[in-house]
Amino acid sequence: MTTASPDPAPSGASPGAAARPASAASPTSPAAGAAAESAEGTLKAFGYDQELKRSLSLADLVIYGLVFMVPIAPFTIFGVVFNGSKGMVALTYVIGLVAMLFTALSYREMSRAFPIAGSVYAYAGRGINDKVGFLAGWAILLDYLLVPTLLYVMSAAALNSLLPAVPQWAWVVVFVLVNTVINFLGIESTARLNRLFLVAELVVLALFVGFGLAAVAQGKNGAHFSFDPLLKPGLLTPGLIFGALSIAVLSFLGFDGISTLSEEVRDSGRRIVGRATVVALCLVAVLFVVQTWVAALLVPGKTEFAGDDATNSAFYDIAQIAGGHWLKVTVAVAAALATGIANSLVAQAATSRLLFSMARDRKLPAFLAHIHPTRKTPERAILFVAVISLILGLFFTGQIDVLSSLVNFGALFSFLLLHVAVFVHFKLRNRSTRWGLHIAAPAIGFLIIGSVLWNADARAKIGGVCWLVLGVLVMLFYRRSGRGTDLKLED
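Residues numbered from 1 in each chain as written. Predicted model: local features only at pLDDT ≥ 70, side-chain atom pairs only at ≥ 80, totals over all residues. Heavy atoms only, no water.

Asker: Account for the overall build of the protein, with residues named and values stated.
Answerer: A tally of regular secondary structure across the protein gives 17 helices and 0 strands. Relative to its 491 residues, the protein shows a buried fraction of 56%. For the protein, long-range pairs separated by at least 24 residues make up 83% of all intrachain contacts whose partners lie at least 6 apart in sequence. Just so you have it, the protein exposes about 18600 Å², and 68% of that area is on carbon and sulfur atoms. (Helix = DSSP H or I, 4+ residues; strand = E, 2+ residues; numbered from the N terminus. Buried < 20%, exposed > 50% of the residue type's maximum accessible area, 1.4 Å probe, protein only. Contact = heavy atoms within 4.5 Å. Areas by Shrake-Rupley, 256 points an atom, 1.4 Å probe, with all protein chains shown as cover.)

Asker: Lay out the environment of P300 with the relevant residues and their values.
Answerer: The residue P300 is located in the loop between α10 (272–297) and α11 (308–312) in this model. Of the residues examined, P300 reaches a relative accessible area of 30% and is grouped as partly exposed. Remark: the alpha-carbon pair of P300 and F225, spanning 75 residues in sequence, is separated by 9.5 Å. Not counting residues up to four positions away in its chain, the partners in contact with P300 are N221, G222, A223 and H224.

Asker: Report on the packing of helix α7 (residues 168–185) against helix α13 (residues 325–360), specifying residues and quantitative values.
Answerer: Axis separation between α7 and α13 bottoms out at 9 Å; the angle between their running directions is 50°. For the element pair α7 / α13, the angle class is oblique. Here the hand of the crossing between α7 and α13 comes out right-handed. Counted together, F175, N179, T180, I182 and N183 of α7 and G340, I341, S344, L345, Q348 and A349 of α13 form the full contact between these two elements. Tallied by class, residues from the contact of α7 with α13 come to 5 nonpolar, 6 polar and no charged. (Axes fitted to C-alpha atoms, helices over the stretch in contact; angles between N-to-C directions. Parallel < 35°, antiparallel > 145°, perpendicular 65-115°, else oblique. Left-handed = near helix turned anticlockwise from the far one by under 90°. Nonpolar A, V, L, I, M, F, W, Y, C, P; charged D, E, K, R; others polar.)

Asker: Any chance you could break down the pattern of salt bridges for me, citing the residues and the numbers?
Answerer: Taken as a whole, this structure holds 7 salt bridges when the rule is applied. D60 is the salt-bridge partner of R195, the closest N and O atoms lying 2.6 Å from each other. Separated by 135 residues along the polypeptide, R195 in helix α8 (residues 187–218) and D60 in helix α2 (residues 58–69) bring together distant segments of the chain. Measuring nitrogen to oxygen at the nearest pair gives 2.8 Å for the salt bridge that ties E263 to R360. Note that E263 is positioned in the loop between α9 (238–251) and α10 and R360 in helix α13, a separation of 97 residues in sequence. By relative accessible area, E263 is classed as buried at 1%. (Salt bridge = Lys/Arg side-chain N within 4 Å of Asp/Glu carboxyl O.)

Asker: Now, about the packing of α2 against α10: what can you tell me, with residues and values included?
Answerer: The interhelical angle for the contact between α2 and α10, taken along N-to-C directions, is 45°, at an axis separation of 8 Å. When the interaxial angle is binned, α2 and α10 end up oblique. The crossing of α2 and α10 is right-handed. Contacts between α2 and α10 involve L58, L61, V62, G65, L66 and M69 from the former and I272, V273, R275, A276, V279, A280, L281, L283, V284 and F288 from the latter. Considered class by class, the residues forming the contact of α2 with α10 number 14 nonpolar, 1 polar and 1 charged.

Asker: Run through the packing of aromatic side chains, naming residues and quoting values.
Answerer: Applying the stated criterion across every chain yields a total of 23 aromatic pairs. Residues F78 and F82 carry aromatic rings whose centres are separated by 5.6 Å and whose planes lie at 40° to one another, so their mutual orientation is tilted. With F78 and F82 both in helix α3 (residues 74–84), this residue pair falls 4 residues apart, about one helical turn. By the burial criterion, F78 is buried, and F82 matches it. Ring plane angle 75° and centroid distance 5.3 Å describe the contact between F211 and W326, whose orientation is recorded as edge-to-face. Taken as a pair, F211 in helix α8 and W326 in helix α13 lie far apart in primary sequence, 115 residues in all. The class of W326 is partly exposed, set by a relative accessible area of 41%. A network of ring pairs unites the aromatic residues F75, F78, F82, F208, F305 and F315 as a single cluster. Here the basic side chain of K461 rests over the ring of W454, its NZ or CZ set 5.9 Å away from the ring centre. (Phe/Tyr/Trp six-rings, centres within 6.5 Å; stacked < 30°, edge-to-face > 60°. Lys NZ or Arg CZ within 6 Å of the ring centre and 35° of its normal.)

As structure tokens, this is what we get:
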């Protein structure tokens, strides 16, 4: 086993990066050999050797993104979105898609310029400078470290309602153990299970949509086909649109996790990662719109669910209208497992890659950069995420609101820095003439994300600012200890 070397790296390289031996798998064909050589050369241009195993395809990345965003995510929050949009829940997701496309485009452009692990940490660090990169990475760590915890707590609460004899903390322990073992086995095991999880979620979704459409055709609960879930002109106001935008933007969080796998795709990843990001976002938006349109049709004339219980169980109650009690139970169990295992599995993988990338650059403790010599996974980072998730999951059991607000702040703040990085890198540094992609898109994306962040929950802003202040202190400590070396751009 090898660990990150504290020895100085060659000029321009990240400390400790060049001292590592290359560990790319041996090619099995001339084409594979050329791809591996190209990928390794790409990483060397940024001062790194190939350590993670390159085995993922475009399809793997798209599936990863879909599982991260959870195709059946509206099951759990349908009532909240329905109330906020006065029944125009499908419109909410259309607005969200348009809003997040600008951020997805920024991710695409930066993933092509810097095809390395680390996501927004790497993009802001190399697009602007290492100090901004650290803050971006630190901010999204708040998202990535808490997302698995939030998912475990949500799933434990859902399953506890079905099996009250099993305490919620027990579900948290089970989910953490299962996901940690799978991630330890390697990214290929995670990719294979992602495919199974996605198929299972799509089967349940198809059941709901099929029975739902049949119920609408039969006029159950007074249902009839209409475009009301997409647009009710008499109720549409600027305030409602903005409220829907805030909800919808947060519903799509997770597509950014695709970029953390840049060093595990089969080629250099310059185009595949960005393409997968946009494709996954668009596909999941279509699924969100279809299922919420059908669900809203089954409660005609309704603009709000009264009371917390009715709001939280809205989708499950609609499933019962569509197909009976068995469909309600199927939908509820699928939502719990999709969140507690499938979604949190990829969240743990993304978080461990971000920790690995920052530790490799000596911005976090070096032990997090350790790679297993056989499985080619950042095993210590994976274990670290598991321990944090377990501790926080047990502590925050039943406190979903607090966790949600903190997660949202970290993601949104890092997105702001991402848009700035696109403008600085392409326009200011490289004099790009692509005004649409490198000026207009990041500017619009910045304004959208900024408005959502400005109007975020007060607890989210207070907790987020405290986290950023702590990050500044950590950064100052690392710089004073001689670990503030600028990141290498590219030869």
